[in-house]
Amino acid sequence: MRFDVVTLFPEMIAEAARYGVTGKAIERGIVRLGLWNPRDFTTDKRRTVDDRPYGGGPGMVMMLQPLRQAIRAAKAAEPGMVRVAYLSPQGVKLRQTDFIGFSKQERILMVAGRYEGIDERLVETDVDEEWSLGDYVISGGELAALVVIDGVTRLLPKVLGADESSQQESFMQGLLDHPHYTRPDTIEGQAVPEILQSGDHAEIERWRLKQSLGRTMRRRPELLDKLELSEEQKILLKEFISEQKTVKRNKQ
Ligand code: 4GN
């Protein structure tokens, strides 16, 4: 899989992608990164990439020409189908299923905006899709592009080992994850749930699914609404509710 990013700060992408799962995937050649600086596609002596907004107002806008040339160069870098994505708060909210969709593509080209945004004519003609991480604003699209690179890379075959496979994650089933614990089994009066130390793998799976269902209901009920729960899952959810009522809690 090849990711291309058009950015004024290519080093930011290159450096962050060196760590962890993305770093390993790049090392192993499963992922390739192409970085394109619109400043390299300017023609004036000052290498200008921004200009004042038509209509007035504060801030600057990323100029069309350097961005368009950078996108074209990135596309032409190798043959094959490329989806051009722009990351902005105006985009469609990204979900895990979109990452799954991206992971089946050969290439994704992302445009990382800065300042007040990019010239809208690019969105009309050079961009295929506009995506948002969520309802908040950050100062540049680079961190958003890195989120996509990371979220997609960890879904690619061979990137995660069999035991850490993303396939068995709760989120793939539309549920929040269950709690995790490691040693020691007790610390400052806080014990690891007994069942997790029982060695009964069927019971452990059942407990984890119950926690996933319960946490999803408590924290993200709208996610549960989208699911058709099995009879067993309904039973687990009822068990979660009755077990929760017996313990005094101020969270979850
Ligand atoms: C994306 C980009 C938020 C998101 C961004 C988001 C850079 N902020 N919610 N900032 O996915 C003006 C230029 C804002 C591009 C954009």
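Described below are features of the structure shown in this document. Just so it is clear, the structure is predicted and the values come from calculations on it, not from any experiment.

Residue Pro184 is reached from Arg183 by a cis peptide bond, and omega for that bond is 5°. Within the fold, Pro184 resides in the loop between helix H6 (142-153) and strand E8 (186-187). In the Ramachandran plot, Glu188 falls in the positive-phi region, its phi being about 45° despite a non-glycine side chain. A residue is classified by how much of its surface remains accessible, and Glu188, at 79% relative accessible area, is exposed.

Moving on: the pattern of salt bridges. Two side chains that carry opposite charge are able to pair once their charged atoms sit near each other. In the structure shown here, the tally under the stated rule is 19 salt bridges. With its nearest N and O atoms 4.0 Å apart, the salt bridge here joins Asp135 to Lys93. Separated by 42 residues along the polypeptide, Asp135 in the loop between strand E7 (129-132) and H6 and Lys93 in strand E5 (residues 83-93) bring together distant segments of the chain. Here Arg154 makes a salt bridge to Glu169, at a shortest N to O gap of 2.2 Å. Separated by 15 residues along the polypeptide, Arg154 in the loop between H6 and E8 and Glu169 in the loop between H6 and E8 bring together distant segments of the chain. Arg154 gets classed as partly exposed once you look at its relative accessible area, which sits at 22%. Connected through salt bridges with shared partners, the residues Arg2, Asp4, Arg32, Glu78 and Arg107 form a single ionic network.

With that settled, the discussion passes to the nonpolar core. Counting residues in each nonpolar core, the largest one holds 25 residues, and the members touching the most others are Phe3, Phe102, Met110 and Val148. Where this core is concerned, the elements lending two or more residues are strand E1 (2-6), E5, helix H4 (96-103), strand E6 (107-111) and H6. Among the elements that make up this core, the one with the highest residue count is H6 (6 residues). If sequence neighbours within four positions are ignored, Met110 has contacts with Phe3, Asp4, Val5, Val6, Ala85, Leu87, Ala145, Val148 and Ile149. The next biggest cluster of nonpolar side chains, apart from the first, holds 19 residues, and it includes Val6, Leu8, Met62 and Ala74.

This brings us to the packing of aromatic side chains. In this structure the tally under the stated criterion is 1 aromatic pair. Relative to Trp131, the ring of Phe102 has its centre 5.6 Å away and its plane inclined at 80°; by these criteria the two rings are edge-to-face. Separated by 29 residues along the polypeptide, Phe102 in helix H4 and Trp131 in strand E7 bring together distant segments of the chain. With respect to class, Phe102 is no different from Trp131; both count as buried.

What counts and how
- Residues numbered from 1 in each chain as written.
- Predicted model: local features only at pLDDT ≥ 70, side-chain atom pairs only at ≥ 80, totals over all residues.
- Heavy atoms only, no water.
- Helix = DSSP H or I, 4+ residues; strand = E, 2+ residues; numbered from the N terminus.
- Buried < 20%, exposed > 50% of the residue type's maximum accessible area, 1.4 Å probe, protein only.
- Salt bridge = Lys/Arg side-chain N within 4 Å of Asp/Glu carboxyl O.
- Core = buried A, V, L, I, M, F, W, Y, C linked by side-chain atoms within 4.5 Å.
- Contact = heavy atoms within 4.5 Å.
- Phe/Tyr/Trp six-rings, centres within 6.5 Å; stacked < 30°, edge-to-face > 60°.

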